[in-house]
Amino acid sequence: MDSTEPTELVELVRRAQKGNEAAQRELIVSYQHRIAGFVYAITNRSDSVEDLAQQIFIKMVRALERLQAPAQFESWLFRLARNTCIDHLRRQKLRRIFMPFAPEHEDVPEPPGAVDTEELDALRHALGQLRPQDRALLALVQEGRSHAEIADALSITVAAVKARLHRAREQLRQYYQPHHES
Amino acid sequence: MNPDLETRHWRDRQAHAASRLSPGFADRVLRMARVSVEAAPSVLGQFLLGAATAAACAVVVIVVHSRVTQVQDQRTLADWQEIASSSADDLSQAQ
């Protein structure tokens, strides 16, 4: 929500907390693209983006009245998104234990057109090698969040954010190899 | 890895992810949130359901236990009656 002033956001969140559907709708519309991007960053799969984004916003609407500090809305929403995605990946992992798929069904490639350049493909591959938590961290940095905001969204300390960020960047650099570079 | 390239990649990825949301996303979410709130059982409802389940289980346990005890009592009584009659026969033969 780049164009909205913090005070406007707080006011909007307060109205949404009181059950104002127009305010809830405005919040969803304002954040849906950023949350979709964040979900894609964590899961690295675009086919589950809509389902997960839907789950996240339904949880947001239902839990909004329990948010005590409306000014913390963004951190709270991204924490909710991160937890929903991590739960989804955990459930998927468990399901694979009980219903193992053949290797060719394990990693179904993205549909054609989803990845349109070699560099994007290389980045997707490199990101796929990282832990979902590290992908979430990099996505929040790209969102322009400060270390303190990221620490709040991921429920870790600022020092841990810095250390993990350094490690994630190193790993991404290591795995990122477009075909023309390799 | 070029930071500008990385930023552009993330932006492209975000645009791609955003394109996965079908039109009317916000309205659909609000509708589903409303339905799930209405369909969600209340705390009292969940408590009553739990209490009813526990009561039904207790009734089943009591019925099965009393039935098993009754059958066992009847079998034991029949055994004692058999012992008593055979003892009476032995006694009358001895006399």
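Throughout, residues of each chain are indexed from 1 in the direction in which the sequence is written. To label them, take the chains in the order written and letter them from A, then take the ligands in the order written and number them from 1. For this predicted model, a pLDDT threshold of at least 70 governs which residues receive local features, and a threshold of 80 or more governs which side-chain atom pairs are given and counted, while totals over whole chains, interfaces and linings are taken from all residues. Computation of side-chain values: all heavy atoms of the structure, hydrogens and water removed.

Engineer: What's the story with the overall build of chain A in this structure? I'm lost.
Structural biologist: For helices the rule is a DSSP run of H or I covering at least 4 residues; for strands it is a run of E covering at least 2, with both sets numbered from the N terminus onward. Helices and strands together make up the secondary structure of chain A, namely nine helices and zero strands. Counting from the amino terminus, helix and strand elements in chain A follow one another as α-α-α-α-α-α-α-α-α. Each residue is placed in one exposure class: buried if its accessible area under a 1.4 Å probe, protein chains only, is under 20% of its type's maximum, exposed if it is over 50%, and partly exposed if it falls in between. Taken across its 182 residues, chain A has 47% of its residues classed as buried. Throughout, a contact is declared for two residues whenever any of their heavy atoms are within 4.5 Å. Restricting to contacts in chain A with at least 6 residues of sequence separation, those with at least 24 account for 70%.

Engineer: What is the right way to look at empty space enclosed by the protein in this model?
Structural biologist: One simple way to see leftover space: roll a probe sized like a water molecule over the atoms. Residues and elements named next belong to chain A. Here a cavity means grid points, on a 1 Å grid over the protein atoms only, where a 1.4 Å probe fits yet cannot get out; a pocket means an open set of points with protein on both sides within 12 Å along at least five of seven lines; lining residues are those with an atom within 4 Å of a point. Grid points are joined across faces, edges and corners, and a volume is the space filled by probe spheres set on the points. By the definition in use, this model includes one cavity of 30 Å³ or more. There is about 30 Å³ of room inside the largest cavity. Around the largest cavity, the lining residues are E74, S75, F78, L140, R145, E149, I150 and A153. Looking at the lining of the largest cavity, the elements with two or more residues in it are α4 (73–98) and α8 (147–154). When its residues are assigned to classes, the lining of the largest cavity shows four nonpolar, one polar and three charged. Gly is put with the polar residues, along with every residue not named as nonpolar or charged; the nonpolar set is Ala, Val, Leu, Ile, Met, Phe, Trp, Tyr, Cys and Pro, and the charged set is Asp, Glu, Lys and Arg.

Engineer: Please explain the nonpolar core as it appears in this structure.
Structural biologist: When a protein is soluble and globular, its nonpolar side chains tend to lie buried together. Residues and elements named next belong to chain A. L27, M60, F73 and L77 are the most contacted members of the largest nonpolar core, which totals 63 residues. Top contributing element to this core by residue count: helix α2 (residues 21–43), with 11 residues. Every residue in contact with L27, bar those within four places of it in the chain, is listed here: L9, L12, V13, A16, M60, L64 and F73. Definition of nonpolar core: a set of buried residues of the types Ala, Val, Leu, Ile, Met, Phe, Trp, Tyr and Cys, connected through side-chain atoms within 4.5 Å.

Engineer: Even after reading the chapter, I still don't get the interface of chain A and chain B, so can you show me in this structure?
Structural biologist: Many analyses report the size of an interface as the accessible area lost when the parts associate. Listed per partner, the contact involves 40 residues of chain A and 27 residues of chain B. Summed over both partners, the accessible area (1.4 Å probe) lost when two parts come together is defined as the buried area. At the boundary of chain A with chain B, total buried surface from both sides reaches about 3,100 Å², with 66% on carbon and sulfur atoms. What counts as a salt bridge is simple: a side-chain nitrogen of Lys or Arg found within 4 Å of a carboxyl oxygen of Asp or Glu. Summed over the shared surface of chain A and chain B, the result is three salt bridges. Its salt-bridge partner being A:E21, residue B:R34 comes within 2.4 Å of it at the nearest N-O pair. Elements with a minimum of two residues in the side of chain A that touches chain B: α2, α3 (49–63), α6 (118–129), α7 (132–142) and α9 (158–175) of chain A.

Engineer: Explain the packing of α8(A) against α9(A) to me, please; I cannot follow it from the model alone.
Structural biologist: The description of two packed helices rests on the angle between their axes and on the distance between the axes. Residue and element names in this part refer to chain A. The interhelical angle for the contact between α8 and α9, taken along N-to-C directions, is 100°, at an axis separation of 8 Å. In terms of axis orientation, α8 runs roughly perpendicular to α9. Of the residues in α9, those touching α8 at H147, A148, I150 and A151 are V158, V161, K162 and L165. Whenever a helix is involved, its axis is fitted only over the stretch in contact; in every case the axis is a line through C-alpha atoms, and angles between N-to-C directions fall within 0 to 180 degrees. An angle counts as roughly parallel when it lies under 35 degrees, as roughly antiparallel when it exceeds 145, as roughly perpendicular when it falls between 65 and 115, and as oblique in every other case.

Engineer: Which parts of the structure should I look at to understand unusual backbone geometry?
Structural biologist: Negative phi values dominate among residues other than glycine, just as trans dominates among peptide bonds. All names here are of chain A. Its identity is not glycine, yet N44 carries a phi of approximately 60°, on the positive side. Structurally, the position occupied by N44 is in the loop between α2 and α3. Judged by its relative accessible area of 8%, N44 is buried.

Such coordinate-based values are descriptive only and should not be taken to indicate function.
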